[in-house]
Amino acid sequence: MKRLSTVKLILCFVTLGLCMLACNSSIGLSERNGKRYSEASFLSLTETTTRQIEVQEGMTALMMAYDLEVQSGTLTVKLSDPRNAVVWEKTFEAPTSESDCISIEAPSAGKWALEIAARKAGGRYRLEWGDSCPAGE
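None of the values given here were measured: they were computed from a predicted structure.

Caption draft 1: Region of the structure containing the overall build of the protein. Each helix and strand counted, the protein has one helix and seven strands in total. Counting helices and strands in the order they occur from the N terminus, the protein gives α-β-β-β-β-β-β-β. When burial is assessed residue by residue, the protein has 34% of its 137 residues classed as buried.

Caption draft 2: Geometry of the packing of aromatic side chains. Inspection of every chain in the model, using the stated rule, returns three aromatic pairs. Between F42 and Y125, the aromatic rings sit 6.1 Å apart at their centres with planes inclined by 50°, giving tilted as the arrangement. Here F42 is found in strand β3 (residues 37-55), whereas its partner Y125 is found in strand β7 (residues 110-130), with 83 residues between them in sequence. Taken individually, F42 and Y125 each receive the classification buried, so the pair is uniform in this respect.

Caption draft 3: Looking closely at the pattern of salt bridges. For the structure shown, the criterion picks out nine salt bridges. In this structure, K111 engages E54 in a salt bridge whose closest nitrogen and oxygen atoms are separated by 3.3 Å. Placement of the pair is K111 in strand β7 and E54 in strand β3, with a sequence separation of 57 residues. With relative accessibility at 41%, the residue E54 sits in the partly exposed group. For the salt bridge of R124 with E69, the shortest nitrogen-to-oxygen distance reads 3.7 Å. Separated by 55 residues along the polypeptide, R124 in strand β7 and E69 in strand β4 (residues 61-80) bring together distant segments of the chain. In this structure R124 comes out as partly exposed when scored by relative accessible area, which is 29%. Salt bridges linked by common partners bring R32, E39, R126 and E128 together as one network.

Caption draft 4: Broad picture of the pairing of β3. Across three bridges, the pairing between strand β1 (residues 25-27) and β3 is antiparallel. By the bridge assignment for β3, S26 is matched with L45. By the bridge criterion, five bridges tie strand β2 (residues 30-34) to β3 in an arrangement that is antiparallel. Looking at β3, one finds that G34 is bridged to Y37. In terms of strand pairing, β3 meets β7 through 16 bridges, oriented antiparallel. Looking at the pairing, E39 lines up with R126 of β7.

Caption draft 5: Looking closely at unusual backbone geometry. Put simply, A94 and P95 share a cis peptide bond, and its omega is -10°. Here the phi dihedral of A106 falls at roughly 45°; this positive angle occurs in a residue that is not glycine.

Caption draft 6: Examining the environment of T76 more closely. Relative to the assigned elements, T76 resides in strand β4. You can call T76 buried: its relative accessible area is 16%. Filtering out sequence-adjacent residues up to four positions away, T76 remains in contact with E89, K90, T91, E115, I116 and A117. A polar atom in the side chain of T76 sits 2.9 Å from the side chain of T91.

Scoring rules and cut-offs
Residues numbered from 1 in each chain as written. Predicted model: local features only at pLDDT ≥ 70, side-chain atom pairs only at ≥ 80, totals over all residues. Heavy atoms only, no water. Helix = DSSP H or I, 4+ residues; strand = E, 2+ residues; numbered from the N terminus. Buried < 20%, exposed > 50% of the residue type's maximum accessible area, 1.4 Å probe, protein only. Phe/Tyr/Trp six-rings, centres within 6.5 Å; stacked < 30°, edge-to-face > 60°. Salt bridge = Lys/Arg side-chain N within 4 Å of Asp/Glu carboxyl O. Pairing = 2+ DSSP bridges. Contact = heavy atoms within 4.5 Å. Polar contact = N/O pair within 3.5 Å; in protein donor to acceptor, adjacent residues only side chain to side chain.

Limitation: the analysis is restricted to geometry and does not speak to function.
If you want it as structure tokens, here you go:
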């Protein structure tokens, strides 16, 4: 009887561990975030992160630069305005390495959402935003 209880307990822990691993997991994650940037490098990452971007009244354009490398899995970057309308979205599938700077003309003032969704991804990214592209873009 005691042996059966031990087996059930072990199965519960294994099941719980697998559920947690399937939801969000990170191996080798190193990330930094600032007022106008977000960057990370990772060996294996499955999670969704959302950052808020403050767009000031009178901005004529919101610029977002990205520099990334996806060695495995996928990385999706999505930008939504204050009304939750998706204004830009792109999925990067391994293997890829891309850099660009996009312009959102006449953005609505308020809090925008920048969502970064990694699915079994290995690689790195750096995203920067503001009223102009960083030097070199």
